[in-house]
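# Observations on chain architecture
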Amino acid sequence: MKAKGEQKRYSEMTEQELHQEIAALTEKARKAERMGMVNEYAVYERKIAMAKAYLLDPNDFPPGEIYEIDGDPGEYFKVRYLKGVFAWGYRLKGNGEEEALPISLLRKPNL
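Please read all numbers here as calculations on a predicted model, not as lab measurements.

## A word on the side chain of Glu 68
- Among the secondary structure elements, Glu 68 is positioned in strand β1 (residues 66-69).
- The charged side chain of Glu 68 is buried without a salt bridge, its nearest counter-charge being Arg 107 at 8.2 Å.
- A distance of 3.0 Å separates a polar side-chain atom of Glu 68 from the backbone nitrogen of Gly 74.
- Non-local contacts of Glu 68, meaning those with residues more than four positions away in its chain, are made with Pro 73, Gly 74, Glu 75, Tyr 76, Leu 105, Leu 106, Arg 107 and Pro 109.

## Details of the layout of surface pockets
- Considering only enclosed or pocket space, the largest pocket measures out at about 260 Å³ in volume.
- In terms of lining, the largest pocket is formed by Ala 42, Glu 45, Arg 46, Ile 48, Ala 49, Lys 52, Asp 70, Ser 104, Leu 105 and Arg 107.
- When residues in the lining of the largest pocket are grouped by element, the largest group, six residues, is from helix α2 (residues 38-53).
- Its residues assigned to classes, the lining of the largest pocket shows four nonpolar, one polar and five charged.
- Both domain 1 (10-54) and domain 2 (58-107) contribute no fewer than three residues apiece to the lining of the largest pocket.

## Quick word on the sheet that holds β1
- Taking strand neighbours across the sheet as the criterion, the five strands line up as β4-β3-β2-β1-β5 in an open arrangement whose pairing is antiparallel. Among the strands making up the open sheet, the edge pair consists of β4 (99-102) and β5 (106-107).

## A few points about the domain arrangement of the protein chain
- Parsing the protein chain into structural domains produces domain 1 (10-54) and domain 2 (58-107).
- A C-alpha centroid distance of 21 Å is found between domain 1 and domain 2.
- Of the residues lining the interface, five residues belong to domain 1; the matching set on domain 2 comes to six residues.
- Contact between domain 1 and domain 2 buries roughly 430 Å² in total, counting both sides, with carbon and sulfur atoms accounting for 83%.
- When residues of domain 1 are sorted by the area they lose upon contact with domain 2, Ala 49, Met 50 and Ala 53 head the list and together hold 80% of the total.
- The interface formed by domain 1 and domain 2 includes zero salt bridges.
- On inspection of domain 1 and its partner domain 2, the count reaches one residue pair in polar contact (both at pLDDT 80 or more).

Cut-offs and rules
- Every chain's residues receive numbers from 1 upward, in the order its sequence appears when written.
- Local features in this predicted model are restricted to residues of pLDDT 70 or higher, and side-chain atom pairs are both shown and tallied only at a pLDDT of 80 or more, whereas totals for entire chains, interfaces and linings draw on every residue.
- Side-chain descriptors were evaluated using all non-hydrogen atoms of the structure, hydrogens and water having been removed beforehand.
- Secondary structure elements are defined from DSSP: runs of H or I of at least 4 residues count as helices, runs of E of at least 2 residues count as strands, and each element is numbered from the N terminus.
- Relative accessibility under 20% of the residue-type maximum defines a buried residue, over 50% an exposed one, and the middle range a partly exposed one, all with a 1.4 Å probe and only protein chains included.
- For this count, His and the chain ends are skipped, Lys and Arg are scored as positive, and Asp and Glu as negative.
- Basic side-chain nitrogens of Lys or Arg form a salt bridge, by our definition, when they fall within 4 Å of a carboxyl oxygen of Asp or Glu.
- The definition of a polar contact used here is a pair of N or O atoms within 3.5 Å, where within protein one atom must be able to donate a hydrogen and the other to accept one, and adjacent residues in sequence count solely through side-chain atom pairs.
- Whether two residues touch is decided by their heavy atoms; if any such pair falls within 4.5 Å, the residues are in contact.
- Definitions used throughout: a 1 Å grid over protein atoms alone; a cavity as a set of points that fits a 1.4 Å probe which cannot get out; a pocket as an open set with protein on both sides within 12 Å along at least five of seven lines; a lining residue as one with an atom within 4 Å of a point.
- Grid points are joined across faces, edges and corners, and a volume is the space filled by probe spheres set on the points.
- Residues are grouped as follows: nonpolar covers Ala, Val, Leu, Ile, Met, Phe, Trp, Tyr, Cys and Pro; charged covers Asp, Glu, Lys and Arg; every other residue, Gly included, is treated as polar.
- Those domain boundaries reflect an automatic or database domain assignment.
- Two strands are said to pair when DSSP picks up at least two bridges between them.
- Two parts lose some accessible area (1.4 Å probe) when they are put together, and adding that loss for both gives the buried area.

If you want it as C-alpha cells, here you go:
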C-alpha cells in the first residue's frame, strides 16, 4: 500500500496512467521553460523520457543495432544489451565509455 502522496513507479503504472503522467510532466516542463527554469525543465524532460520508455517494448531494440539519439541530431548509439527499459552501449563519436539510455531516446536513423 502506497503512503499518501507517494508516487507509483512507472513500472507499476498502466498504459493510461503513463499517458496521464506524461501529459502532466509535459505541462510542468512547459511552465518551467516559460519561467526560465532551465534545470527544472531538464529534470521534467528526463522524467518524460523515462515514462515514455515504459510504453515501448524493449524487444524492439535488439543488441548490435545503431540508433540516433533523440534530441541530439547526428549522435549515434550502439546497443550492447538491454536491462529493463534501458539500452546499454556507447556513443559512436564518444570516448567508448558504456552508458545507459532510456529506449524512448533511441530512433532508427534515416540512412
